[in-house]
There are 2 protein chains.
Amino acid sequence: MRILVDMDDVLADFDAEFLKRWQERHPEKMYVPLEDRKIFYVKESYPKELQNLVEDIYLEPGFFRNIMPMPGGIDAVKTMAQLGLEIFFCTSPLTAYKNCVLEKYEWVDQHFGPEWTNRIVLTKDKTLVKGDILIDDKPVITGAEPTPMWEHILYDRPYNRDINRKRLTWQNWKQVLDL
Amino acid sequence: MRILVDMDDVLADFDAEFLKRWQERHPEKMYVPLEDRKIFYVKESYPKELQNLVEDIYLEPGFFRNIMPMPGGIDAVKTMAQLGLEIFFCTSPLTAYKNCVLEKYEWVDQHFGPEWTNRIVLTKDKTLVKGDILIDDKPVITGAEPTPMWEHILYDRPYNRDINRKRLTWQNWKQVLDL
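Residues numbered from 1 in each chain as written. Chains lettered and ligands numbered in written order. Predicted model: local features only at pLDDT ≥ 70, side-chain atom pairs only at ≥ 80, totals over all residues. Heavy atoms only, no water.

A. Broad picture of the interface of chain B and chain A. Each partner contributes residues to the interface: chain B has 26 residues there, and chain A has 26 residues. The three residues of chain B that bury the most area against chain A are Tyr97(B), Tyr105(B) and Leu128(B), which together make up 26% of that side's buried surface. Linking chain B with chain A are four salt bridges. For the salt bridge of Glu145(B) with Arg2(A), the shortest nitrogen-to-oxygen distance reads 2.8 Å. Linking chain B with chain A are nine residue pairs in polar contact (both at pLDDT 80 or more). If you list the elements that add at least two residues to the side of chain B that touches chain A, you get strand 2 (86-91), helix 5 (100-112) and strand 3 (120-123) of chain B. The element contributing the most residues to the side of chain B that touches chain A is helix 5 of chain B, with five residues. Split into classes, the residues belonging to the side of chain B that touches chain A amount to 13 nonpolar, four polar and nine charged. Bridge count between strand 3 (residues 120-123) of chain A and strand 3 of chain B: three bridges; the pairing is antiparallel. Note on strand 3 of chain B: the bridge partner recorded for Leu122(A) is Leu122(B). (Contact = heavy atoms within 4.5 Å. Buried area = accessible area lost by both parts, 1.4 Å probe. Salt bridge = Lys/Arg side-chain N within 4 Å of Asp/Glu carboxyl O. Polar contact = N/O pair within 3.5 Å; in protein donor to acceptor, adjacent residues only side chain to side chain. Helix = DSSP H or I, 4+ residues; strand = E, 2+ residues; numbered from the N terminus. Nonpolar A, V, L, I, M, F, W, Y, C, P; charged D, E, K, R; others polar. Pairing = 2+ DSSP bridges.)

Written out as structure tokens, the structure reads:
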């Protein structure tokens, strides 16, 4: 069984890193706590007049490299591999790719070890990638391939709870995957 | 029809950039002209005692960004897209990913335009990617998927001529692909 695992907000706590930097940088401005996030993209979760400032935060050098892991995620993926599951990191770079591309590799290197960087598949279009399961927090995943070769299991996040689909967290993944 | 196009030594003239830098840096040392290359990896084409110096050349910052395009390649790919073929760049980073990962994105940006960077699939394992054709100079392509979903058409290079397989160049691609 091949499992494709998304990175941002599945293995890497993008939203927490964003909120931390946002509150440091703009302590006087409003912020949207995770539990109130109803929209997948953090930028679109903020009022129009703040969206450029939001973007500045996650485009800055070091943002992606310094994201903290989601609790339990690294252990879960390493356990999956020990159980004989084939793991690939399936992750989309930002269109403004300048910092995030390299830093995603550095993040995997730092948290999993260098040999795991061989397991990164960096693609804007995940429908091209063959796997049995894709664990991803994005509510709906589309691309060039009309019928992807994986089952999309949602990584449970407040902004995807309106989607009726199998979902998991790093606390209950073994039960959900029936392992 | 979806065409996956490799980058190094297919769209980007890796070998020429290497030879240029090698001869500038080590004018007194032997070099292997392209037509004498019998081995896919440039490093393994050189004697053991030179292999570290060979590697130093293509690991240095700016190497991947500055590679010249293969003559006719960019035009061919843009023509394919105009003909309605779906193009993705399917390229493997070096295990020493530090410079090449970002620079591959910069190369596509510079030679095709920023919107084409969305078409990059960066993966060590190309057997995971679904396409009809993979144009690649690597003699044999293996990975996790025992039966890849593409036909591998060789981009003709001296070091893959012992392989009996359909092959093309940017001069004859229309005939070979029957377009």
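B. Main features of the relation of the copies chain B and chain A. Placing chain B over chain A gives an RMSD of 0.0 Å and needs a rotation angle of 180 degrees, together with 0.0 Å of translation along the axis. The superposition operator between the copies reduces to a two-fold rotation axis. When the interface residues of chain B are mapped onto chain A, 100% of them again fall at the interface, so both copies present the same face. (Least-squares fit on C-alpha atoms with pLDDT ≥ 70 in both.)

C. Representation of the pattern of salt bridges in the model. With the rule as written, the count across this model stands at 42 salt bridges over all chains. Members of the salt-bridge network, linked through shared partners, are Asp9(A), Asp13(A), Asp15(A), Arg37(A) and Arg157(A).

D. The arrangement of the sheet that holds strand 3 of chain B in detail. Strand order in the open sheet formed by twelve strands is 6(A)-5(A)-4(A)-1(A)-2(A)-3(A)-3(B)-2(B)-1(B)-4(B)-5(B)-6(B), and the pairing between neighbours is mixed. A strand with exactly one partner marks an edge of an open sheet, and here the two such strands are strand 6 (167-168) of chain A together with strand 6 (167-168) of chain B. One ladder, built from three bridges, connects strand 1 (residues 2-5) of chain B with strand 4 (residues 133-136) of chain B; its direction is parallel. Among the inter-strand pairings, Val5(B) is bridged to a residue of strand 4 of chain B, identified as Ile135(B). The strands touched by helix 4 (residues 73-82) of chain A are strand 1 (2-5), strand 2 (86-91) and strand 4 (133-136) of chain A; relative to strand 2 of chain A, the strand with the most contacts, the crossing angle is about 140 degrees. Helix 5 of chain B contacts strand 3 of chain A together with strand 2 and strand 3 of chain B of the sheet and is inclined by roughly 160 degrees relative to strand 3 of chain B. (Axes fitted to C-alpha atoms, helices over the stretch in contact; angles between N-to-C directions.)

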